[in-house]
Amino acid sequence: MAQVKVNINGAPYQAEVEPRLLLVHFIREVAGLTGTHVGCDSTSCGACTVLVDGVPSKSCTLLAVQVDGGDLQTVEGLERDGQLHPVQEGFWEEHGLQCGFCTPGMMMTAVALLERNSNPSDDEVRRAISGNLCRCTGYVNIVKAIQYAGAKMRGEPVTGAAESAA
Amino acid sequence: MAVAVQGMGHSVKRKEDPRFLRGKGNYVDDLKLPGMLYMDILRSPYAHANIKGIDASRALAMPGVLAVVTGKDLDAAGLAWMPTLMSDKQMVLPVDRVVYQAQEVAAVIATERYIAADAITQIDVDYEPLTPVVDPIRALDPSSPLVRPDRENKTNHIWHWEAGDKEATDRLFEQAAVVAKEDIYIPRIHVCSIETCGCVASFDRINGKLTIWMTTQAPHAIRTVFSLVSGIPEHKIRVISPDIGGGFGGKVPVYPGYVIATVASLQTGRPVKWIEDRSENLQADSFARDYHITAELAADADGTMKALRVKTVADHGAFDAAANPSKFPAGLFSICTGSYDMQAAHVEVDGVYTNKPPGGVAYRCSFRVTEAVHAVERMVDSLALKLEMDPAELRLKNFIPPEKFPYKSATGWEYDSGNYPAALHKAMERIGYQDLRREQAEKRARGELMGIGISTFTEIVGAGPSHTFDILGIKMFDSCEIRIHPTGSAIVRIGVQTQGQGHETTFAQIAAEELGLPVANITVEHGDTDTAPYGLGTYASRSTPTAGAATAIAARKIREKGKLLAAHLLEASPDDVEWVDHQFQVKGDPSRAKTMADIAFAAYTNHPQGMEAGLEAVDYYDPPNLTFPFGAYICVVDIDRGTGEVKIRRFLAVDDCGNIINPMIVEGQIHGGLTMGMAPALLEEITYDEAGNIRQGTFMDYLLPTAMETPAWETDKTCTPSPHHPFGAKGVGESATVGAPPAIANAVVDALSHLGVTHMDIPIKPWMVYKVLEEHGLAQP
Ligand code: FES
Ligand code: FES
């Protein structure tokens, strides 16, 4: 057994775990944060993407012990003070999700992209999310959602595809 | 004052999204119950083998392992086999023989996920490999080994099915001036929703109630089947289909894992969770397509189509577990005359067993419409080449004319409505068809390769009318129950089950439109058999045509009562009260009006003597006919002469699904459908080697489209309402998956047609194109 101590979304988590425990299972089952999903067993789908010290990482392909002492961010940490993150807002406004299963991983990748490139081209967005599979949306609205978030973060005016509720 | 209801036609922001965006969805694997056990499944490495013995002693000796379940254990309880949806039966666990690779062989029940996974490696199975039956054509040879010796008929042939008029068709072919003929293979593919399948089965020994959280698209049907098979009374079974991470038809069947987990919970009295891995999902869960088609299209010399003849061998794998309506072993394949006015057609399909996992399930179209559309749309292009005619012109010449609807097809379907020329003209204009043809000619002269592909498909959805449509005898109606609360908000419960389609929003919009209540004040619930009215579930684009209709009609029943309440409140005769602009008013006097909220309050506080209190209704809707959405798709491809790669430059989809509830959601459905149409056209296929080993068993080899291969889809629409649906809608979820593959294949063939290419099987891989280029000296090294 091994000690793992990490921060997830700013909160400390500490547990005695098997050295072989996958990070995604640490997050989902030890920390109880089930927003991070598992969609494959070959590091292909990106449903498990979280930020490890700011870097988008497939948590199904890391052991929990490898990130000991690390700073993790998951979908549950995106909302701040009851305000959705611009990426969350973009996905809602532009209908960037359907079943929602790929969405947390997709959004974490988008957050990391916009942090290093605040004004990506559509092609750069597509390249950034090419390790995240979505079976529902056909990606067009995901690209729009991320562009919406980028514009919002740059302080530009934004309008989404959706009408807001009356 | 009229309320802002945001009913039909509004792009309402989805009501389900707040939880998904925050990582607070409730998927099956998110559920953790006290005392929960975990199950893992040992699978067969062989496609065909006898099992001579299973020794689980080493696994059972491991700390944390509670049980190992084998076929012999299930057999003792009469549960080693279960019925399929197609009147066949399927092994839950094998007693003495495995019939496909990755078939379930034994299951471990343990206290932890990792222990269960360890333990399956400690089970010793003594296999005696047998010759597998891999090729469905050779399977029909009398000398072939038998896949299913358990059946009375000692053959691999499952059934023969045909539709249309053989004699008339053959006669037209004899007289025809031109006949185009192609062999068309539509490969085996897999839906691969990003969430795999799984369940948590929880049997409560005290009250004898079994609750199963399951990744299912059809919870009510599952409850009935589980009750019939297990003998547990139906009121003691509750199936909950929580948030589902994509379905596309792959979550309609009953998989052995669900049954074994349930048995394990019954035996241990503890909740048992089973979640399959991606490789298990991809290797063993049901597959789609796998149709070997020979199609012929006969025409006059001027291009007037006369007749279509189609013969098909359908590879169903080892169990016929297709999820079709009972009377249609080949689904709705006989829609294959498509959008064209033909005098006769004859379609034959032969279902065959092979040593592969069950086929014939779904890939965002379960009823074989994709196969039908691919066949006819490819044949139209093949005929155009023979006639040296533009494929758009040939289509326009042969479309069923708008004035002929309702139209009786040569295979017996009654198309409800359509306007095919309008859709194609719109697509051609918007994409600049004539300019593209000019560009192509210029490029061809320079040795560059581009192609333009058209698909003008007709879909058939909304199963279905009870006189013809049932699954295991259960009629394919669907349902809705609406209750309006005293303060003017409502709950809508439906018999269908969303897997991403946005039912919590769209069904609220239908109810809002019909009731005059704001969308924001309506909750939609589904997927819990203890609370939702009975329905057959969501697949085959049936939710809006069936449960959507039920919602409108239940709301109209409420309006009937509402009218009486309004008359009472307005002190008018009911005959003088009318429903205008989402409220009741005295005829011709908008100043004397009552909203549905007023009516609701009165229904509980001030209802007239002699009237029941409350305001609710339920409807079970039996559609009078299917609906027939359609579309005109145009795809432009460029071919890389250095690699043979096909690049989709533009893809325009003009869809017609009748009246639209939420345009934003419909567009999203089309984007997703197009992507799942492109996938089998260019990327995805499941193949087996001679030993029956699957060659694409993980996401490393089975290529789902990423954002890199997927083009920026362009969409547009025409609107031809369904005349028989209560609000003129038709259904749209699968249109694009059905319509897109032939548009892409036709574009590639078009790019190569001057080299003599008339057909290419999908998926069209770069090497296939490169080979053609090489043969004609066009490849760039
Ligand atoms: S679960 Fe698929 S990449 Fe991690
Ligand atoms: S929204 Fe379903 S997989 Fe992306």
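Residues numbered from 1 in each chain as written. Chains lettered and ligands numbered in written order. Predicted model: local features only at pLDDT ≥ 70, side-chain atom pairs only at ≥ 80, totals over all residues. Heavy atoms only, no water.

A few words now on the overall build of chain B. Helix and strand counts for chain B come out as 19 helices and 32 strands. Since a compact globule built from 781 residues should have a radius of gyration of about 28 Å, the 28 Å found for chain B is in line with a globular shape. Per-residue burial for chain B yields a buried fraction of 67% across its 781 residues. Considering only contacts in chain B between residues 6 or more positions apart, those separated by 24 or more positions represent 79%. Carbon and sulfur atoms form 51% of the exposed surface of chain B, whose accessible area is close to 25,700 Å². Within chain B, the 99 negative side-chain charges are centred at a point lying 2 Å from the centre of the 73 positive side-chain charges. (Helix = DSSP H or I, 4+ residues; strand = E, 2+ residues; numbered from the N terminus. Rg over C-alpha atoms; globule rule 2.2 N^0.38 Å. Buried < 20%, exposed > 50% of the residue type's maximum accessible area, 1.4 Å probe, protein only. Contact = heavy atoms within 4.5 Å. Areas by Shrake-Rupley, 256 points an atom, 1.4 Å probe, with all protein chains shown as cover. Lys, Arg positive; Asp, Glu negative; His and termini not counted. Charge placed at Lys NZ, Arg CZ, Asp CG, Glu CD.)

Looking now at helix α7 (residues 219-230) of chain B. Residues and elements named next belong to chain B. For α7, which comprises 12 residues, the first-to-last C-alpha distance of 16 Å matches the rise-based estimate of 16 Å (1.5 Å per residue) to within 8%. Of all the 12 residues making up α7, nine are buried; the element is thus mostly covered by neighbouring parts of the structure. What α7 keeps buried is the set P219, H220, A221, I222, R223, T224, V225, F226 and S227. Elements that come into contact with the buried residues of α7 comprise β12 (209-214), β13 (237-240), α8 (256-268) and β22 (474-475). (Expected span 1.5 Å × (residues − 1).)

This brings us to the packing of helix α2 (residues 86-93) of chain A against helix α3 (residues 103-116) of chain A. Residue and element names in this part refer to chain A. Orientation of α2 relative to α3, taken along the N-to-C sense of each, is 125°, at an axis distance of 9 Å. It follows from the interaxial angle that α2 and α3 lie oblique. Note that α2 runs across α3; the crossing there is right-handed. In this structure, α2 uses V87, Q88 and F91 to contact α3, whose residues at the interface are T103, M106, M107, A110, V111 and L114. When its residues are assigned to classes, the contact of α2 with α3 shows seven nonpolar, two polar and no charged. (Axes fitted to C-alpha atoms, helices over the stretch in contact; angles between N-to-C directions. Parallel < 35°, antiparallel > 145°, perpendicular 65-115°, else oblique. Left-handed = near helix turned anticlockwise from the far one by under 90°. Nonpolar A, V, L, I, M, F, W, Y, C, P; charged D, E, K, R; others polar.)

On to the nonpolar core, then. Formed by 139 residues in total, the largest nonpolar core has its most connected members in W413(B), F651(B), L752(B) and M760(B). Considering each element in turn, this core owes the most residues, 11 residues, to helix α18 (residues 735-752) of chain B. In contact with F651(B), not counting residues within four places along its chain, are Y633(B), I634(B), C635(B), L674(B), W713(B), E714(B), A740(B), A743(B) and I744(B). Counting 55 residues, the second-largest nonpolar core is a separate cluster that includes Y139(A), A288(B), M676(B) and Y688(B). (Core = buried A, V, L, I, M, F, W, Y, C linked by side-chain atoms within 4.5 Å.)

What follows deals with the sheet that holds strand β24 (residues 490-494) of chain B. Residues and elements named next belong to chain B. Ordered in space as β25-β24-β23-β29, the four strands form an open sheet in which the pairing is mixed. Each edge of the open sheet is held by one strand with a lone partner, namely β25 (522-526) and β29 (616-621). The average undirected angle you get between the axes of adjacent strands in this sheet is 15°. Bridge count between strand β23 (residues 478-484) and β24: five bridges; the pairing is antiparallel. Paired with C480 across the bridge in β24 is I494. Against the sheet, helix α14 (residues 503-515) engages β23, β24 and β25, with an angle of about 130° to β25. Helix-sheet contacts for helix α15 (residues 543-570) involve β23, β24 and β29, and the interaxial angle to β29 is about 145°. (Pairing = 2+ DSSP bridges.)

Contact residues are listed per partner, giving 53 residues for chain A and 61 residues for chain B. When chain A packs against chain B, the two sides together hide about 4,900 Å² of surface, and 55% of this comes from carbon and sulfur. Looking only at chain A, the three residues that lose the most surface to chain B are W92(A), R135(A) and E163(A), adding up to 19% of its buried area. There are seven salt bridges connecting chain A and chain B. (Buried area = accessible area lost by both parts, 1.4 Å probe. Salt bridge = Lys/Arg side-chain N within 4 Å of Asp/Glu carboxyl O.)

Let us now look at the domain arrangement of chain A. Residue and element names in this part refer to chain A. If you check the domain split of chain A, you get domain 1 (2-75) and domain 2 (86-159). When each unit is reduced to the centre of its C-alpha atoms, the spacing between domain 1 and domain 2 is 22 Å. Opposite the 17 residues of domain 1 that make contact, domain 2 presents 13 residues. Where domain 1 abuts domain 2, roughly 1,100 Å² becomes buried across the two surfaces, and 65% of that area is made up of carbon and sulfur atoms. Inspection of the domain 1/domain 2 interface yields zero salt bridges. The tally of links from domain 1 across to domain 2 stands at five residue pairs in polar contact (both at pLDDT 80 or more). Going through the elements one at a time, β3 (49-52) and β4 (55-58) are the ones with two or more residues in the side of domain 1 that touches domain 2. It is β3 that contributes the most residues to the side of domain 1 that touches domain 2, three residues altogether. Per-class residue counts for the side of domain 1 that touches domain 2 are seven nonpolar, nine polar and one charged. (Domains from an automatic or database assignment. Polar contact = N/O pair within 3.5 Å; in protein donor to acceptor, adjacent residues only side chain to side chain.)

This part is about the pattern of salt bridges. All names here are of chain B. Enumeration over the complete set of coordinates arrives at 59 salt bridges over all chains. Across the salt bridge formed by R19 and D243, the nearest N and O atoms sit 2.7 Å from each other. Taken together, the residues R19 in helix α1 (residues 17-21) and D243 in the loop between β13 and α8 connect sequence positions 224 residues apart.

So, on to the sheet that holds strand β31 (residues 646-656) of chain B. Strand pairing within a sheet occurs via backbone hydrogen bonds; the two strands may be parallel or antiparallel. Residue and element names in this part refer to chain B. Judged by pairing direction, the sheet is mixed, and its four strands sit side by side in the order β20-β30-β31-β32 without closing on themselves. The open sheet terminates on both sides in strands that have one partner only, identified here as β20 (450-458) and β32 (714-717). Neighbour to neighbour, the strand axes of the sheet diverge by 15° on average, direction disregarded. Both β20 and strand β30 (residues 630-639) contribute to a ladder of nine bridges, which runs antiparallel.

Turning our eyes to something else, we now look at the domain arrangement of chain B. Residue and element names in this part refer to chain B. Domain boundaries assigned for chain B yield domain 1 (17-24 + 478-621), domain 2 (31-130 + 195-245 + 251-284) and domain 3 (373-459 + 627-775). Put simply, the middle of domain 2 and the middle of domain 3, counted by C-alpha atoms, are 40 Å apart. Counting residues at the interface gives seven residues for domain 2 and 10 residues for domain 3. Buried surface at the junction of domain 2 and domain 3, both sides included, amounts to about 660 Å², of which 60% is carbon and sulfur. Three residues, Q101, L282 and Q283, lead the burial of domain 2 against domain 3; their summed loss comes to 67% of the area buried on that side. At the surface where domain 2 touches domain 3, the tally comes to three residue pairs in polar contact (both at pLDDT 80 or more). For the side of domain 2 that touches domain 3, the per-class residue count stands at three nonpolar, three polar and one charged.

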